[in-house]
Amino acid sequence: MSEPLSQIPAGMRYYCGQEARLRRAIETAVMSIFDGWSYEEITTPTIDYYSLFEHGMGPAQAHRAFRFSDGDGRLLAVRPDVTSLVARAAATLFAQRERPLRLCYVAPVFRQQPESHADWRRESSQIGCELIGANSGVADIELLAIVCEVLQHLGLDRGCSITLTDIDVFNGIAEELKLDPDSRDEMRRLVDTRNSSDLEQFLAQCSDTKDSHALSRLTQISGKHEILNDARESITNARSRAALDRIARLWSVIESLHLSDHFAIDLGDVSRLDYYTGLTFKIYVDGTGSRIGSGGRYDSLTASFGKAEPAVGFVLELDALTDILLGRTESNSPAKSSTEPVLITGTDLSALFRAAMDKRALGERIVIDSSEVAP
Amino acid sequence: MTKLTTKLTLAISKGRLQTDALDLLQRAGLSWSSDSLCTRRLAVEDESGCYRLIFVKPADVPVYVEHGVADCGIVGRDVLLEWEPDLLQPLALNIGVCRIVVAARSKALWNQFGMLRVATKYPRIAAKHFGARGVPVDLIELSGSVELAPVLGLADCIVDLVETGRTLQENGLSIVEVITQSSARLVVNRASYQLKAEAIGQLIRSVGDATQRRANGD
């Protein structure tokens with residue numbers, strides 16, 4: 001039986017015209033900001049071993065990839081994530097290079113199962129950068145400063161919210177409760193969905209801690225820096241406390257740079273990607289139902305590829321950015337339509353193309369009109 | 001400062017939950033003229049102008065909220081378990097309390113080792129439940145009157161939502177096991193939660209207080 005050739009697989013699409021120009025313009029603008037901060041472009045394989053992604057992203061996320069087997073039976077995946085690939089290159093190909101490594105990329109990622117029903121795309125382009133082997137405190141701020149510059153440049157800094165947390169706040173609590181991996185993941189899910197009623201029940205069951213109610217409030221702790229005091233009241237273990245102190249230090253720098261309007265702290269925002277180890281953040285912009293970017297610290301990822309070093313990075317969703325900017329009809333849109341082309345006409349083929357090539361040599365934009373050419 | 005200009009859209013499950021949900025919102029301080037609800041209008045403005053209520057089928061509530069068309073929603077946990085939407089669920093509302101159960105004409109069927117035929121509106125919940133214990137099932141997805149399936153021999157048992165159990169009784173079915181409890185949840189879109197933090201925080205607090213007061217019988 002033949003399939004209709006007109007049909008496009010779910011979650012795939014074409015881009016053309018104004019939308020394609022805008023995508024390219026955003027890509028160029030963001031990559032040039034990355035270049036301005038001395039990030040070097042890297043292109044990664046589109047297809048790689050599934051085990052790499054399983055190891056990097058964690059099985060739950062890697063499972064969403066398109067998978068198939070290689071000739072020798074090993075399982076391959078179409079890149080569902082770029083960070084895992086960059087981290088491996090840093091630990092292997094670039095092992096001898098001088099640190100810090102500053103790398104950036106723009107590349108499509110592919111996911112057979114989207115994360116939410118609203119997220120219908122199965123191919124989406126990510127623009128990202130990774131800073132590997134640099135002092136953590138400085139590196140975290142460097143990346144947040146780049147994010148702010150990008151948002152500002154695209155005119156998205158008003159009505160944006162970059163939410164910060166440190167995954168170690170959660171890890172410290174999970175460690176204190178001595179949770180096995182399954183319970184840990186269940187607790188992460190409950191915190192992530194801010195499900196405080198189920199979380200309180202869960203904590204009452206699995207721990208002998210005196211105060212499951214106080215811990216279940218973790219899901220509700222969000223706001224500006226003043227919430228950190230609030231958090232210190234209910235969270236007492238050393239690992240979580242150290243994480244809270246790191247957020248406090250980061251926040252004071254953000255404040256001194258007059259950027260605190262763009263930021264919020266949300267301790268309930270625990271990421272689903274297993275590789276994050278410290279700071280994590282998500283970027284939201286008015287006018288979308290989902291985040292437009294995210295990032296964080298992944299200090300243990302490179303270790304699993306053979307070279308332990310601190311690393312931090314973020315990605316922006318090119319498709320989400322394009323959707324928002326398409327909806328805004330501002331004159332400073334990054335995609336200016338090109339100049340009107342010069343029409344090249346003629347009856348004689350060689351004369352026609354001589355004229356065309358001459359104009360092109362002058363850098364003019366042309367369009368060939370074939371209507372007068374003899375058949 | 002942004003509080004006055006931020007408008008929230010709430011998606012409310014039509015049907016079983018609707019009356020209790022509106023009662024709860026009224027206790028939380030929302031108000032609307034009674035005739036705006038009497039009509040067949042699917043969207044109603046709150047008198048303060050801060051809220052817009054939309055009324056949609058239960059299974060559609062997560063769809064509207066996940067896409068961010070509605071910022072928040074009130075929907076049963078059964079729907080959340082079945083559709084697994086990527087949403088925040090900061091409040092259990094203690095309304096629409098019921099159970100998701102396996103019901104059959106007799107318990108005898110549990111001893112058979114063959115394929116169990118299960119009729120349900122909740123294929124994912126049913127598959128997960130029987131999958132966890134390694135029972136092979138033939139899922140028969142129906143959209144209503146599920147109780148009829150065992151009576152007519154279409155299925156060995158059903159997985160369904162049960163409030164009082166009367167419909168089961170009237171059709172000669174009894175509860176074989178309770179899969180989980182369900183009640184209504186306040187759900188919130190992830191981006192709205194961050195971008196309209198103040199307005200949503202306020203809604204969560206006032207609806208939370210109202211839930212507490214309602215439970216205390218005030």
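This is a predicted model, so every value here is computed, not measured. (Residues numbered from 1 in each chain as written. Chains lettered and ligands numbered in written order. Predicted model: local features only at pLDDT ≥ 70, side-chain atom pairs only at ≥ 80, totals over all residues.)

Helix and strand counts for chain A stand at 13 helices and 14 strands. Sequence-distant contacts, at least 24 apart, represent 69% of the contacts inside chain A between residues at least 6 apart. (Helix = DSSP H or I, 4+ residues; strand = E, 2+ residues; numbered from the N terminus. Contact = placed C-beta atoms within 7 Å.)

Contacts between chain A and chain B engage 21 residues on the former and 17 residues on the latter. Of all the secondary structure elements, the ones that give two or more residues to the side of chain A that touches chain B are β7 (160-166) and α8 (196-206) of chain A.

Residues and elements named next belong to chain A. Domain boundaries assigned for chain A yield domain 1 (11-155 + 289-337), domain 2 (160-285) and domain 3 (339-375). Look at where the C-alpha atoms of domain 1 and domain 2 centre, and you get two points 24 Å apart. Taken together, the contacts link 27 residues of domain 1 with 23 residues of domain 2. By residue number, the principal contributor to the side of domain 1 that touches domain 2 is helix α5 (residues 136-153), which donates eight residues. Looking at side-chain class alone, the side of domain 1 that touches domain 2 contains twelve nonpolar, eleven polar and four charged residues. (Domains from an automatic or database assignment. Nonpolar A, V, L, I, M, F, W, Y, C, P; charged D, E, K, R; others polar.)

Bringing the nonpolar core into the picture now. A:C129, A:L143, A:V147, A:V150, A:I283, A:L316 and A:L321 are the most contacted members of the largest nonpolar core, which has 89 residues in total. The residues that make up this core include at least three from each of domain 1 (11-155 + 289-337) and domain 2 (160-285) of chain A. Not counting residues up to four positions away in its chain, the partners in contact with A:L321 are A:I26, A:L154, A:I292 and A:L316. Counting residues in each nonpolar core, the second largest holds 39 residues, with B:L24, B:V75, B:L93 and B:I200 among its members. (Core = buried A, V, L, I, M, F, W, Y, C linked by C-beta atoms within 7 Å. Buried ≥ 20, exposed ≤ 12 C-beta atoms within 10 Å, placed from the backbone.)

Turning next to the sheet that holds strand β2 (residues 43-45) of chain B. Residues and elements named next belong to chain B. One open sheet accounts for six strands, arranged β2-β3-β1-β4-β11-β5; its pairing is mixed. Here the strands that pair on one side only, and so sit at the sheet edges, are β2 and β5 (88-92). The sheet shows a mean angle of 25 degrees between the axes of neighbouring strands, taken without regard to direction. One ladder, built from six bridges, connects strand β1 (residues 8-13) with strand β3 (residues 51-56); its direction is parallel. Considered in β3, the bridge of S13 is made with V56. Here helix α1 (residues 18-27) sits on the sheet and contacts β1, β4 (72-76) and β11 (184-188); the angle it forms with β1, its principal contact strand, is near 145 degrees. (Pairing = 2+ DSSP bridges. Axes fitted to C-alpha atoms, helices over the stretch in contact; angles between N-to-C directions.)

Frequently, the measure chosen for interface size is the accessible area removed from exposure when the parts meet. Residues and elements named next belong to chain B. Along its sequence, chain B is organised into domain 1 (8-96 + 183-215) and domain 2 (98-182). At the interface, seven residues of domain 1 touch eight residues of domain 2. Here the element with the most residues in the side of domain 1 that touches domain 2 is helix α4 (residues 77-83); it accounts for four residues. The class makeup of the residues in the side of domain 1 that touches domain 2 is one nonpolar, three polar and three charged.

So, on to helix α6 (residues 167-176) of chain A. Residue and element names in this part refer to chain A. Counting buried residues along α6, eight of its ten residues qualify, which places the element largely inside the surrounding structure. Among all positions of α6, only I167, D168, V169, F170, N171, G172, I173 and A174 are buried. Contact partners of the buried residues in α6: β7, α7 (181-192), α9 (212-216), α11 (238-256) and β10 (279-285). One or two steps after α6, the chain reaches K178, where phi turns positive at roughly 50 degrees.

A few words on the sheet that holds strand β12 (residues 311-317) of chain A. Residues and elements named next belong to chain A. Strand order across the open sheet formed by nine strands is β1-β5-β6-β12-β11-β10-β7-β9-β8, with mixed pairing between neighbours. Pairing within the sheet leaves two strands with one partner each, and these edge strands are β1 (40-41) and β8 (222-223). Examined bridge by bridge, strand β11 (residues 293-297) and β12 share five bridges and lie antiparallel to one another. Its bridge partner lying in β12, G293 is registered against L316.

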